[in-house]
Amino acid sequence: MRRALELAAAAEAEGEVPVGAVLVLDGAVIGEGWNRPIRTHDATAHAEVVAIRAAGARLGNYRLTGATLYVTLEPCVMCVGAMVHARIGRLVFGAYDPKTGAVASRFQLLSGDQHNHRIEVVGGVLEEECGEMLRRFFRARRGSARRWPRSCVE
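On a predicted model such as this, the values are computed, not experimentally measured, just so you know.

For the structure on display, the rule yields two aromatic pairs. Here the aromatic rings of Phe-93 and Tyr-96 are separated by 4.9 Å at their centres, their planes lie at 80°, and the arrangement is edge-to-face. Arranged with centres 5.1 Å apart and planes meeting at 80°, the rings of Phe-137 and Phe-138 form a pair that is edge-to-face. For Phe-137, a relative accessible area of 8% translates into the label buried. Overall, Phe-138 belongs to the partly exposed group, its relative accessible area being 32%.

Structure representation (structure tokens):
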């Protein structure tokens, strides 16, 4: 999770929402990513998806059976779908996302029997650090928006 926090800082440095993700298989990092939808003009470029793509390319297989995904924020619906299709074995996330979290907070997409693949879930790992990075980012963003005339930010 510490590496995922470093990657989240890379996202923040690029002006992206600070979320980082690391995929590990048999003790080795097989994929990493951070949020990049603004920079890449790609709505699907969430940290989890970027890490899954990198791991698939590295292994030459989109199935990542047995891999553990570490991510600083509870995944959204899209990322949960990608994880299920990639056959991720375990998800470890930091901060809970009460607005769009699709694992425990807003939706519980991994707890039902609608999928034939099960993903073990551990939430709240380094939750305070992960959450504080996001809170700091959004406080700064809201603060900078106040400096502009109202018509520029609506």
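Okay, back to it.
What follows is about unusual backbone geometry. A positive phi is found at Arg-87, a non-glycine position, where the angle reads about 65°. Relative to the helices and strands, Arg-87 is located in the loop between helix H4 (77-86) and strand E4 (90-95). For Leu-126, which is not glycine, the phi dihedral falls at a positive 55°.

Further remarks concern helix H1 (residues 2-13). An α-helix turns once per 3.6 residues; consequently, residues spaced three or four apart project the same way. Compared with the 16 Å implied by 1.5 Å per residue over twelve residues, the 17 Å span of H1 between its first and last C-alpha is a close match. Three or more residues of H1 are buried, namely Ala-4, Leu-5, Leu-7, Ala-8 and Ala-11. When H1 is viewed along its axis, its buried side chains cluster within an angular range of 160° and face the same direction. A positive backbone phi angle near 85° is found at Gly-15, which sits one or two residues after H1.

Two pairing modes exist for strands in a sheet, parallel and antiparallel, and in both the strands are linked by backbone hydrogen bonds. Pairing within the open sheet is mixed, and its five strands lie in the order E2-E1-E3-E4-E5. Whereas interior strands pair on both sides, the edge strands pair on one side only; in this sheet they are strand E2 (28-34) and strand E5 (120-122). If you compare each strand with its neighbour and ignore which way they point, the axes differ by 15° on average. Here strand E3 (residues 68-73) runs beside E4; their pairing, made up of five bridges, is parallel. Residue pairing for E4: Thr-68 is matched across the bridge by Arg-90. With respect to the sheet, H1 is in contact with strand E1 (20-25), E2 and E3, its orientation differing from that of E1 by roughly 145°. Sitting on the sheet, helix H3 (residues 47-59) touches E1, E2 and E3, and the angle it makes with E2 is about 140°.

Reading the values: the criteria
Residues numbered from 1 in each chain as written. Predicted model: local features only at pLDDT ≥ 70, side-chain atom pairs only at ≥ 80, totals over all residues. Heavy atoms only, no water. Phe/Tyr/Trp six-rings, centres within 6.5 Å; stacked < 30°, edge-to-face > 60°. Buried < 20%, exposed > 50% of the residue type's maximum accessible area, 1.4 Å probe, protein only. Helix = DSSP H or I, 4+ residues; strand = E, 2+ residues; numbered from the N terminus. Expected span 1.5 Å × (residues − 1). Arc of directions from axis to C-beta. Pairing = 2+ DSSP bridges. Axes fitted to C-alpha atoms, helices over the stretch in contact; angles between N-to-C directions. Contact = heavy atoms within 4.5 Å.

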